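Structural features, examined
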Amino acid sequence: MSELTLNVIRLGLLALLWAFVFSIVGALRADLYGTKVQTRTQGRRADARAPRPGRGKGQAGPTHLAVVAGSLRGTTVPLHSDGILIGRNPECTLVLTDDFASGRHLRIYPGSDAWYADDLDSTNGTFVDQRRIDTGYRLEPGSQIRIGQTVLELRR
């Protein structure tokens, strides 16, 4: 083999080695700094809240979502007019530590007359009162939502 061929092979291997090193550094950087964590404000002024479904009809609708079983038992999340997102991603309103939950697992949002739930194509599914749901499922006060080992309940 000529000396020129050996030098080209050496330079090619060196370039591949550096590409490999840069790809590893990029993956580590994405793992360390890729997710932007946002702080959530706990208290909103009462007059700043948007009206919730079910209000003004003589019957108050659900006001919060409570974790009744699982590792986050006792946690409550207020229902907001822009809805809430549930899953394992840090961007979610309720971040689950359940291994059976997807990154973006479930979305709960208000409709004109009630609260609705959309399963966001989760791997293990979402169950409301032992029934697997898809999208646009109407939630009633007291409905129990199961995501893996975590059980959530819509409360007033």
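Residues numbered from 1 in each chain as written. Predicted model: local features only at pLDDT ≥ 70, side-chain atom pairs only at ≥ 80, totals over all residues. Heavy atoms only, no water.

**Describing the sheet that holds strand 5 (residues 106–110)**
- Taken in spatial order, the five strands line up as 4-3-5-6-9 in an open sheet, and their pairing is mixed. Sheet topology places strand 4 (94–95) and strand 9 (137–139) at the edges, where each strand pairs with a single neighbour.
- Direction of pairing for strand 3 (residues 84–87) relative to strand 5: antiparallel, over a ladder of three bridges. By the bridge assignment for strand 5, Leu-85 is matched with Arg-107. (Pairing = 2+ DSSP bridges. Helix = DSSP H or I, 4+ residues; strand = E, 2+ residues; numbered from the N terminus.)

**Focus: the nonpolar core**
- Judged by nonpolar contacts, the single largest core of 20 residues is most densely connected at Leu-65, Ile-86, Ile-108 and Ile-145.
- When residues of this core are traced back to their parent elements, those giving at least two are strand 1 (64–69), strand 3, strand 5, strand 6 (115–119), strand 10 (144–147) and strand 11 (150–155).
- Non-local contacts of Ile-145, meaning those with residues more than four positions away in its chain, are made with Leu-65, Leu-106, Ile-108, Thr-126, Phe-127, Val-128, Leu-139, Thr-150, Val-151 and Leu-152. (Core = buried A, V, L, I, M, F, W, Y, C linked by side-chain atoms within 4.5 Å. Buried < 20%, exposed > 50% of the residue type's maximum accessible area, 1.4 Å probe, protein only. Contact = heavy atoms within 4.5 Å.)

**A look at the sheet that holds strand 1**
- Across the sheet, six strands lie side by side as 2-1-11-10-7-8; this open sheet has antiparallel pairing. Since the sheet does not close on itself, it has two edges, and those belong to strand 2 (76–78) and strand 8 (131–132), each with one partner.
- Of the strand pairs in this sheet, strand 1 and strand 11 are connected by five bridges, and their pairing is antiparallel. The partner of Val-67 across the bridge, within strand 11, is Leu-152.

**Structural notes on a nonpolar patch on the surface**
- Residues Leu-11, Leu-14, Leu-17, Trp-18, Phe-20, Val-21, Phe-22, Ile-24, Val-25 and Leu-28 make up a contiguous nonpolar surface patch of roughly 1000 Å² in combined accessible area.
- Position of Trp-18 relative to the elements: it lies in helix 1 (residues 3–33). (Patch = residues over 30% accessible without salt bridge, like charges linked within 9 Å, V, L, I, M, F, W, Y side chains within 5 Å. Areas by Shrake-Rupley, 256 points an atom, 1.4 Å probe, with all protein chains shown as cover. Salt bridge = Lys/Arg side-chain N within 4 Å of Asp/Glu carboxyl O.)

**Focus: the packing of aromatic side chains**
- Overall, the coordinates contain two aromatic pairs when judged by the stated rule.
- Residues Trp-18 and Phe-22 carry aromatic rings whose centres are separated by 5.8 Å and whose planes lie at 35° to one another, so their mutual orientation is tilted. Of the two residues, Trp-18 and Phe-22 both sit in helix 1, four residues apart, roughly one turn of that helix.
- For the ring pair Tyr-109 and Tyr-116, a centre distance of 6.1 Å and an interplane angle of 25° mean the geometry is stacked. (Phe/Tyr/Trp six-rings, centres within 6.5 Å; stacked < 30°, edge-to-face > 60°.)

**Structural notes on the confidence of the model for the protein chain**
- In this model, the protein chain carries a mean pLDDT of 81, and residues with pLDDT of at least 70 account for 83%.
- Mean pLDDT values for the elements of the protein chain range from 87 in strand 9 up to 91 in helix 1.
- Contacts of residues 54–59 to residues separated by more than four positions or lying in other chains number nine contacts, the stretch itself having pLDDT below 50. (pLDDT = per-residue confidence, 0-100.)

**Considerations on the pairing of strand 1**
- Direction of pairing for strand 1 relative to strand 2: antiparallel, over a ladder of three bridges. Across the sheet, residue Ala-66 finds its bridge partner in strand 2, namely Thr-76.
- Connecting the antiparallel pair strand 1 and strand 2 is a turn made up of six residues, with Gly-70 showing a positive phi of about 120°.

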